[in-house]
Amino acid sequence: MDDDDRCEQCGSTTFEVDEDGRTYCTNGHEQARGHIIAEDDADFARQGTTVRKKDARPKQKFSRILRGAKAYQLFLQCWQFILWKQCHALVHQKGLPAELWTIVRDLWTLWLSKLDHRLRDPTKADGLAADTEGEGEGEDEPATTSANETDTERENVGDPDSHKKGKRTHESPQLVDTIALNYIGIILLRRPVSLARIFKWIQHEDIPYIRAIRHVPQEMKDRLPSEYHLSLDTTRILEQDDLQIAIYRLAQMYNTTFGMIMPPLNHNLLLLHYVRSLALPIEVYAMARRLNFITKYNFSYPDGTSTSAETTRRQATTFPEAQLISLVVVTTKLLFPFDSDTVKRYPKEPNEATTLRMKWSAWLAAKHSFDKPSSSDDTTDLDGLEPGAEIDVKDSDIFRMSDKQLDQYMDWYQRTWIKSSSDADSQARQSQSQSQSQQESALDREILDMFPLHDVQDPVKTRAHDQQARLDEQSRLDARIREVQASLLPRRAISSEEEVERGLELLRPGAMYPRYRHVEDLDLDNKAAAAAEPAVVRIFHEEVAQTACLSIKALVKAVNKSEQRIEHWLREKRRREVFSEESTDGDMEHDDDNLLATSPPGKLASEMEGLQLGRSSGIHDGSDIDVDMDMDLDMEMLPELEMQAGPSTQ
């Protein structure tokens, strides 16, 4: 019983109210409870004031920040808003078809159907505990990035019960998955858009990704927990391999969960785009397609139907663009080796592609001229930073930057960080008292007034500006290709009969083929490129890796994998010639390490007479396409994003 219900003098618990409204205990002691006035409907002759007992219970404070399932639902809405912003930029600025949003929306709806249980169960909606502080991150903590995989991770592509073995198949979406989902939609539309071009759009901020949370409305950010803020923000620079892995894992998830089989890339147009972007002779295009008769790449993401070790484990050539670009590199080293100025390789027939010899010094000079910013480009400042280079600026670069470059960097920093940081401060101040908030706000305002900032407007980006920039790039690329084509030199063809008649021992195309097992090997083989430039080998591989949106390490591994396939085919070809027997499917599954141990280095393609690797020139996808017949069609489809041409067909 409360002390207020006892008499302070005698401890009695029985009370009576007198006619005058005063309260007395049974022993006549007056209680200090004020006057008690009865209800009077007529409100007649009321005198005095009414005294009511205050409620001793503390008032509950309600936070505007959501928790539990509602917070996770708001996070998905913010993620979906960023996805829509990216798709809107791709359609209205980059000229992709409007059907892209329909496909992306359907893919997101499928994914969202597998997250419905997290929206209903509050205990599973957050990666962090909702009502207690200090607990560790849960299994589905939203800030986990999809790029934290290792190259040795096992991928259970064909196992429908992979989620029972600890592999999460219905992960919470990450920020990089917005780009991956849009790219999958582009593949389903069969558009020849390379992943490197999308990566370039991200760096130039043509599509919102860098600090994407700043594009979310403030009303949504104010109610979003801090851990979800981190999930929608870029905590580190996006690398090429991170984007490749994110797309691979998302395609694997759709295949494992919904049975969706990804179509192959529009490899004909992409291959031609690679050849033109690298300013290589057109003979590389036809030879690369013919070379795939040996490698048997399908240029698509694994569909999980095969259970071989090569498909269940992520390899260097798992990514479709890695398969395609590796053929370009192998073909270039076969047809136009880097040591062509010092080592002479004579073809047998005058109509072979190797009758042309590439002058790599001219290729390198044309590349340097192409990389220089053009004075006719209105979007590029000759004295300023290159577009998209601001995010790569380090502290050591500040000392070498001019005043104009510093101003450009600070403007970018203000657009990217200042506004969002003030929003975060306002959200933190909401949990503090009003007086403390006013003091801090006044102090911050006083400091900021000492360093005023001018308003920085976001650059206006329209489809007209994008088309003009694309035309300027194409004109500069055409000039580079013409410069390289003009530097090609002829190589005399000597038949086998003439070689025997004159008693010569000649090197044929494919002899002394260079192998680069590691990235460091690109710098060791400088003797081969001494006549052109000591660093031409590395520069070529770096540009190839950039063209295919790969790191140079991943490119070297992919090229090695393709070379192993070709060398294995040559070994089987020699075995059939010696023993007059056909190889079986089981023979094709030998270990690559044993293959390399039995094949001496430098013998790759040494027995490819005239480099005629097969009579069929079609890509190994069930088609039988003549390269010469569809060459004109592919040339007409350039530039890469010519939207008026519509989706290409195979």
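Here the structure is a predicted model, which means the values were calculated and not measured.

Participant: Quick rundown of the overall build of the chain? Include the residues and the values.
Facilitator: Along the backbone of the chain there are 22 helices and five strands. Expressed as a percentage of the 650 residues in the chain, the buried residues total 45%. Of all intrachain contacts in the chain linking residues separated by at least 6 positions in sequence, the fraction that spans at least 24 positions is 75%. Surface accessibility of the chain: about 35,400 Å² in total, with carbon and sulfur atoms responsible for 50%.

Participant: Let's hear about the packing of helix 10 (residues 283–295) against helix 12 (residues 320–335): which residues, and what values?
Facilitator: Where helix 10 contacts helix 12, the axes come no closer than 9 Å and their chain directions differ by 115 degrees. As judged from the angle between their axes, helix 10 and helix 12 are roughly perpendicular. Along this stretch, helix 10 crosses helix 12, giving a crossing that reads as right-handed. On the side of helix 10, the interface is formed by Glu283, Val284, Met287, Ala288, Leu291, Asn292 and Thr295, while helix 12 contributes Leu327, Val328, Val330, Thr331, Thr332 and Leu335.

Participant: Outline the pattern of salt bridges, supporting the account with residue identities and numerical values.
Facilitator: Per the counting criterion, the structure on display carries 26 salt bridges. For the salt bridge of Arg357 with Asp341, the shortest nitrogen-to-oxygen distance reads 2.8 Å. Taken together, the residues Arg357 in strand 4 (residues 356–357) and Asp341 in the loop between helix 12 and strand 4 connect sequence positions 16 residues apart. Residue Asp341 is classed as partly exposed on the basis of its relative accessible area of 31%. Between Arg470 and Asp466 there is a salt bridge whose closest N-O contact spans 2.5 Å. Of this pair, Arg470 and Asp466 both sit in helix 16 (residues 463–486), four residues apart, which is roughly one turn of the helix. For the residue pair Arg470 and Asp466, the accessibility class agrees, reading buried in each case. Among the charged side chains, a network of salt bridges with common partners joins Lys94, Asp206, Lys461, Asp466 and Arg470.

Participant: Hey, could you go over a nonpolar patch on the surface for me, with residue numbers and the actual values?
Facilitator: A grouping of Tyr413, Trp417, Ile418 and Leu453 is seen on the molecular surface, where their side chains present a nonpolar patch of about 350 Å² in accessible area. Overall, the relative accessible area of 33% leaves Ile418 in the partly exposed class.

Participant: So, the nonpolar core: which residues are in play, and what are the values?
Facilitator: If you look at the biggest cluster of nonpolar residues, it comprises 121 residues, and the most contacted ones within it are Leu100, Leu181, Ile198, Leu280, Trp360 and Trp363. A per-element tally of this core places helix 1 (residues 68–92) first, with 13 residues.

Participant: Go over unusual backbone geometry, please, and point to the residues and values.
Facilitator: You will see that Arg211, though not glycine, has its phi angle at about 50 degrees, which is positive. On the secondary structure map, Arg211 appears in the loop between helix 5 (195–203) and helix 6 (218–222). A positive phi angle is found at Lys296, which is not glycine, with a value near 60 degrees. With respect to the helices, strands and loops of the structure, Lys296 is situated in the loop between helix 10 and helix 11 (309–312). On the basis of relative accessible area, Lys296 is assigned to the partly exposed category, the value being 44%.

What counts as what
- Residues numbered from 1 in each chain as written.
- Predicted model: local features only at pLDDT ≥ 70, side-chain atom pairs only at ≥ 80, totals over all residues.
- Heavy atoms only, no water.
- Helix = DSSP H or I, 4+ residues; strand = E, 2+ residues; numbered from the N terminus.
- Buried < 20%, exposed > 50% of the residue type's maximum accessible area, 1.4 Å probe, protein only.
- Contact = heavy atoms within 4.5 Å.
- Areas by Shrake-Rupley, 256 points an atom, 1.4 Å probe, with all protein chains shown as cover.
- Axes fitted to C-alpha atoms, helices over the stretch in contact; angles between N-to-C directions.
- Parallel < 35°, antiparallel > 145°, perpendicular 65-115°, else oblique.
- Left-handed = near helix turned anticlockwise from the far one by under 90°.
- Salt bridge = Lys/Arg side-chain N within 4 Å of Asp/Glu carboxyl O.
- Patch = residues over 30% accessible without salt bridge, like charges linked within 9 Å, V, L, I, M, F, W, Y side chains within 5 Å.
- Core = buried A, V, L, I, M, F, W, Y, C linked by side-chain atoms within 4.5 Å.

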